[in-house]
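Residue-level structure breakdown
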Amino acid sequence: EMEQHATTLATSVETIAYLSKGFASKSPSPPVQQVLLQTVHISSLVLETFPQHEVVRSKCLILLQRMIQTLANDEVLKYVPKLLQILIQHCSHQDVVDVAHVFQQICIKFKRKAFHIVDVALMPLLKICHDLTLRLQQEQVDDIVPPHIVTEQLSIKKLSNAVMYQIALHQLSDVLTSSTNMHSLQGILDMMKDGATEVPDP
């Protein structure tokens, strides 16, 4: 029964995301923006209820991407921390790419206005990328990692570098020396060095 509820809610979120395409070419009026903003709040509640449901996560990701693109004001940012926290915490190697893309989208569009969001979410995102590469490593057979697993590992490592690139590009570099992330700075710099010198294209 819970599975059915989750699937029904995921379909509803998907429908809203699809309908929002109609507002992609021009900024919607303020009343419409308020309605669309409420859909972000609703999707946050759905995701909070079913955080481990793959389809729910996927549809909430799509809706969040759409709303970041569509809404002209910054009010959507008040719902992003909770959404991003749940998406990062429960993401798998199948949806980590989309989660990282949303993170980068936030950096690109909101820049300094998203500082507090980027500051809190950066290390959890980098950690989940690292953990996922280690989990994939365990899928080796006879001490040999299958080529498709190697490709997935490299893609995830590239994601971490792409995230750091967007942070540097959009005036957010000082999150690295904030009180939240200062203790992890050396590890981040080592990761960037390894990515620049040791990670080949997948």
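One can find the structure itself at the top, above this paragraph.
To start, this report covers the structure provided alongside it. (Residues numbered from 1 in each chain as written. Predicted model: local features only at pLDDT ≥ 70, side-chain atom pairs only at ≥ 80, totals over all residues. Heavy atoms only, no water.)

**Examining the packing of helix 5 (residues 96-110) against helix 7 (residues 147-169)**
Note the following rule: Axis geometry follows a simple rule: fit a line to the C-alpha atoms, using only the stretch in contact for helices, then measure angles between N-to-C directions, giving values from 0 to 180 degrees. Secondary structure counts use DSSP, requiring at least four H or I residues in a row for a helix and at least two E residues in a row for a strand, with both numbered from the N terminus. An angle below 35 degrees is treated as roughly parallel, one above 145 as roughly antiparallel, one from 65 to 115 as roughly perpendicular, and anything else as oblique. Here a residue-residue contact requires only that any non-hydrogen atoms of the pair lie within 4.5 Å. Residues are grouped as follows: Ala, Val, Leu, Ile, Met, Phe, Trp, Tyr, Cys and Pro are nonpolar; Asp, Glu, Lys and Arg are charged; all remaining types, including Gly, are polar.
It is the contact of helix 5 with helix 7, at a shortest axis distance of 9 Å, that shows an interaxial angle of 10 degrees. Classed by the angle they form, the pair helix 5 and helix 7 counts as roughly parallel. Between helix 5 and helix 7, the contacting residues are V96, V97, A100, H101, F103, Q104, C107 and I108 on the first element and I156, L159, A162, V163, Q166 and I167 on the second. Its residues placed into classes, the contact of helix 5 with helix 7 shows 11 nonpolar, 3 polar and no charged.

**Here's the deal with the nonpolar core**
What counts is decided by this rule: Side-chain atoms within 4.5 Å link the members of a nonpolar core, which is a set of buried Ala, Val, Leu, Ile, Met, Phe, Trp, Tyr and Cys residues. Relative accessibility under 20% of the residue-type maximum defines a buried residue, over 50% an exposed one, and the middle range a partly exposed one, all with a 1.4 Å probe and only protein chains included.
Membership of the largest hydrophobic core comes to 58 residues, with the highest contact counts inside it found for L84, F103, L122 and I167. Of all elements in the fold, only helix 1 (2-19), helix 2 (30-49), helix 3 (54-70), helix 4 (80-90), helix 5, helix 6 (115-137), helix 7 and helix 8 (185-197) reach the threshold of two or more residues within this core. Setting aside chain neighbours within four positions, we find I167 in contact with F103, C107, V118, L122, L172, S173 and V175.

**Focus on the environment of D174**
By secondary structure assignment, the location of D174 is in the loop between helix 7 and helix 8. Take D174: its relative accessible area is 33%, and that puts it in the partly exposed class. A C-alpha to C-alpha distance of 32 Å links D174 and L45, two positions 129 residues apart in sequence. Apart from the residues within four sequence positions on either side, D174 is in contact with R112 and F115.

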